[in-house]
Amino acid sequence: MQGARESQTVLVVGGGIAGITAAVEIAETGYDVVLVEKTASLGGRVAQLNRYFPKLCHPACGLEINYQRLRGNPRVKVITLATVTAIAGERGRYSATIVTTPRHVNARCTACGDCAKAATTQVPNAFNCGLDAVKAAYLPHPMAFPMRYVIAPEVAGTAEGQAILAACKYGAVDLEEKPTSFELTVGAVVWATGWKPYDAAKLDSYGYGRVPNVVTNVEMERLAAPGGPTGGRILRPSDGREAKHVALIQCAGSRDYNHLPYCSRICCLASLKHAAYVREQYADASVDIYYIDIRAHDKLEAFYLKLKADPQVRFVKSKPASITAGEGASPVLHGENTLTRELYDSAYDLVVLATGMEPVATGAKLPQGLPVDDYGFVVPGLDEETGLAAAGVASGPLDVSMSAQSATAAALKAVQAITAGAGGRA
Ligand SMILES: Cc1cc2nc3c(=O)[nH]c(=O)nc-3n(C[C@H](O)[C@H](O)[C@H](O)COP(=O)(O)OP(=O)(O)OC[C@H]3O[C@@H](n4cnc5c(N)ncnc54)[C@H](O)[C@@H]3O)c2cc1C
């Protein structure tokens, strides 16, 4: 990197709530930011949530405020469908290799939806965890940023692709678009690559994927969401029956040395929220929460106590041993109540596994390697020598407000790194 010029631009990798927050905070301080997001739209996992605990407000509110800040700030350049594959250099003069995947739709798109009308092929809907399908010309989700369609690669080179091209009166469809790779010079990097759900199929005795009507907590968010596969009604995936008798299993794989040894901090709160979803929909519903201990940190204790006061929400101190398929596609939980010592074999309409958050690997070749802890989370502190910082769940299990706080801290660290020795703003 000898001779590369000093840069005061910050690269933010990952466009979830943490990456978006870091990007707008840096830009509003007066520095240029490039925000790179792997998927077709910003928002990350938060966009998939139905509501936020504890107030049960809609995540779109929190995201939309940040989108407004992004729209109004020319200092932020957003690149979607892109990843960083390598970074070389040093603080003040990093060279980042960015690789993009074709969207096949350019900035002329008005999101009118004519392309989707011309499409016939269905592809799995990743936003709804594959619980339903979308047309091969699709909007990633109703609150997508940018609000722009995507043409699935499956149809790009086909007669259907040509029909989609012909249907667009704005000239926005580009079937010839190819992957690109380019270099970017930046002064500092914020890693905000977030989390993925722990793979429930690894919890062999819980039968996920094998026993009908066993879903994960992320799938539950989509089952309850108006834009989800069931239009927001909590129904059983196997037969569409109303799920009124529901079991929520805490620490499914978490705090377990065979799976995730740590606590993801948010699962208890997320399950309490899921109990609230079910109770809100069905007056005669009953929810059983199987727990080791409930971890409702700081002021979120009040949310726990509210749900605990509901006589139709029962807390069972037990980690179920196994789940089997019962009559009428009803999953049956087997285990022991550790307070009463009673053995149970309890059937439910639906079982939700509270799987934890696992860090997403950065996937990039790095000059000196990012320091990661024993669990793969990036160590958040940025030392001014490297100009590399971490924000949000990339740095450890956090809820949304904590992710935003850590992003603000990372933004400040990044600004300090690009101004160190440079006498302030260029
Ligand atoms: C079931 C469940 C319910 C929850 N409910 C709540 C709630 O009600 N309230 C609350 O406060 N918290 C809740 N949380 C926690 C919340 O989801 C996280 O705090 C939040 O997602 C953290 O945001 P983030 O930006 O750090 O990560 P993410 O949301 O994971 O965003 C990371 C982004 O980075 C992108 N990315 C990843 N790798 C790359 C790469 N190599 N290059 C470019 N981009 C990349 C991803 O595509 C993604 O868009 C819940 C969690 C779970 C599991």
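Predicted, not measured: the structure shown is a model, and the values here were computed from it.

Using the criterion set out here, one finds 21 salt bridges in the structure. For Asp239, the salt bridge identified is with Arg236, shortest N-O distance 2.8 Å. Judged by its relative accessible area of 42%, Asp239 is partly exposed. What makes Arg236 buried here is its relative accessible area of 1%. Taken together, the shared-partner salt bridges connect Arg233, Glu242, Lys244 and Asp284 into one network.

A word on the pairing of strand β11 (residues 188-191). Alternating residues of β11 divide into Ala188 and Val190 and Val189 and Trp191, and every residue in both groups is buried. Note that strand β1 (residues 10-13) and β11 share 4 bridges and pair parallel. Its bridge partner being in β11, Val12 is matched across the sheet by Val190. For β11 and strand β22 (residues 388-390), the ladder comprises 3 bridges, and the chain directions are parallel. Across the sheet, residue Val189 finds its bridge partner in β22, namely Leu388.

Before going further, it helps to examine the site of the ligand. Within the structure, the ligand sits among 36 residues, and Glu37, Phe53, Lys273, Leu398 and Val400 are positioned closest to it. Between Lys273 and the ligand, the recorded distance is 2.7 Å, taken from a side-chain N or O atom to an oxygen atom. Protein burial of the ligand: of its 1000 Å² of free accessible surface, 96% is covered by the chains. Contributions of two or more residues to the shell around the ligand are made by α1 (17-28), β4 (82-90), α6 (217-224), α7 (267-281) and α9 (400-419). Here the shell around the ligand is composed, by residue class, of 17 nonpolar, 12 polar and 7 charged.

For the rest of this paragraph, the subject is the packing of aromatic side chains. By the definition in use, this model includes 7 aromatic pairs. Note on Tyr290 and Tyr344: the rings are 5.3 Å apart at their centroids and 50° apart in plane angle, and the pair reads as tilted. Taken together, the residues Tyr290 in strand β15 (residues 286-291) and Tyr344 in strand β19 (residues 343-347) connect sequence positions 54 residues apart. The pair formed by Tyr290 and Tyr344 is uniform in burial state, with each residue classed as buried. Pairwise contacts between aromatic rings join Tyr262, Tyr375 and Phe377 into one cluster.

Further remarks concern the sheet that holds strand β10 (residues 180-186). What holds strands together in a sheet is hydrogen bonding between their backbones, with the strands either parallel or antiparallel. Across the sheet, 3 strands lie side by side as β4-β5-β10; this open sheet has antiparallel pairing. Since the sheet does not close on itself, it has two edges, and those belong to β4 and β10, each with one partner. Shown here is a sheet whose adjacent strand axes are inclined to one another by a mean of 20°, direction ignored. When β4 meets strand β5 (residues 93-100), the two strands line up antiparallel, connected through 8 bridges. Within the sheet, the bridge partner assigned to Ala86 lies in β5 and is Thr97.

So, about the environment of Val10. Tracing the backbone through its elements, the reader meets Val10 in strand β1. Given a relative accessible area of 0%, Val10 falls into the buried group. Between the C-alpha atoms of Val10 and Gly72, which are 62 residues apart in sequence, the distance is 18 Å. Dropping the residues within four chain positions of it, Val10 is found in contact with Ile26, Asp32, Val33, Val34, Ala188, Val190, Ala414 and Ile418.

Conventions adopted
Residues numbered from 1 in each chain as written. Predicted model: local features only at pLDDT ≥ 70, side-chain atom pairs only at ≥ 80, totals over all residues. Heavy atoms only, no water. Salt bridge = Lys/Arg side-chain N within 4 Å of Asp/Glu carboxyl O. Buried < 20%, exposed > 50% of the residue type's maximum accessible area, 1.4 Å probe, protein only. Helix = DSSP H or I, 4+ residues; strand = E, 2+ residues; numbered from the N terminus. Pairing = 2+ DSSP bridges. Near = heavy atom within 4 Å. Polar contact = N/O pair within 3.5 Å; in protein donor to acceptor, adjacent residues only side chain to side chain. Areas by Shrake-Rupley, 256 points an atom, 1.4 Å probe, with all protein chains shown as cover. Nonpolar A, V, L, I, M, F, W, Y, C, P; charged D, E, K, R; others polar. Phe/Tyr/Trp six-rings, centres within 6.5 Å; stacked < 30°, edge-to-face > 60°. Axes fitted to C-alpha atoms, helices over the stretch in contact; angles between N-to-C directions. Contact = heavy atoms within 4.5 Å.

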